[in-house]
Amino acid sequence: MKALISGASGFVGQNLLKTLANKVTFEILNRQGLNGINPSTEIDADVFIHLAGKAHDLLEVSNSDEYYQVNFELTKIFMIVF
């Protein structure tokens, strides 16, 4: 099985990668893109695990609209690409 994982650098993502390391092959979707893969092309994966999102604002510089855009609207874009 091949998985596409967003948010792999976060707490849950890092632990998931350790768990999947010898069981599943995976591609990581991060802020910089898909490791050189053009997302407009077909992505060869059996499952998409979406863990990316905005969770913490320790400096208190974000507003609720930013959380909505990152956690909801970007999730919809990921689903369209996949």
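Residues numbered from 1 in each chain as written. Predicted model: local features only at pLDDT ≥ 70, side-chain atom pairs only at ≥ 80, totals over all residues. Heavy atoms only, no water.

Undergrad: Even after reading the chapter, I still don't get the overall build of the chain, so can you show me in this structure?
TA: Looking only at helices and strands, the chain features two helices and three strands. When the helices and strands of the chain are placed in sequence order, the string is β-α-β-β-α. Scored against the burial criterion, the 82 residues of the chain give a buried share of 21%. Here the contacts in the chain between residues at least 6 apart in sequence split such that 55% fall between residues at least 24 apart. Total accessible area computed for the chain in this model is approximately 6,100 Å², and 57% of it derives from carbon and sulfur atoms. (Helix = DSSP H or I, 4+ residues; strand = E, 2+ residues; numbered from the N terminus. Buried < 20%, exposed > 50% of the residue type's maximum accessible area, 1.4 Å probe, protein only. Contact = heavy atoms within 4.5 Å. Areas by Shrake-Rupley, 256 points an atom, 1.4 Å probe, with all protein chains shown as cover.)

Undergrad: In this structure, what is going on with the sheet that holds strand S3 (residues 47-50)? I would like to understand it.
TA: Strands pair in a sheet through their backbones, by hydrogen bonds, and they do so in one of two ways: parallel or antiparallel. Taken in spatial order, the three strands line up as S2-S1-S3 in an open sheet, and their pairing is parallel. A strand with exactly one partner marks an edge of an open sheet, and here the two such strands are strand S2 (25-29) and S3. On average, each strand axis in the sheet is inclined to that of its neighbour by 25°, with strand direction left out of account. Pairing of strand S1 (residues 2-6) with S2 involves five bridges; the strand directions are parallel. In the sheet register, Ile-5 faces S2, and the bridge partner there is Ile-28. (Pairing = 2+ DSSP bridges. Axes fitted to C-alpha atoms, helices over the stretch in contact; angles between N-to-C directions.)

Undergrad: When you look at the environment of Ser-9 in this model, what are you seeing that I'm missing?
TA: Looking at the secondary structure, you find Ser-9 in the loop between S1 and helix H1 (11-20). The class of Ser-9 is exposed, set by a relative accessible area of 57%. Taking the C-alpha atoms as reference, Ser-9 lies 9.2 Å from Ile-28; in sequence the two are 19 residues apart.

Undergrad: Would you mind showing me how to read the confidence of the model for the chain here?
TA: Should pLDDT be low for a region, the predicted coordinates there are not to be read in detail. Mean pLDDT for the chain: 77, with 74% of residues reaching 70 or above. Across the chain, H1 holds the top mean pLDDT of 92, while helix H2 (residues 64-81) sits lowest at 72. (pLDDT = per-residue confidence, 0-100.)

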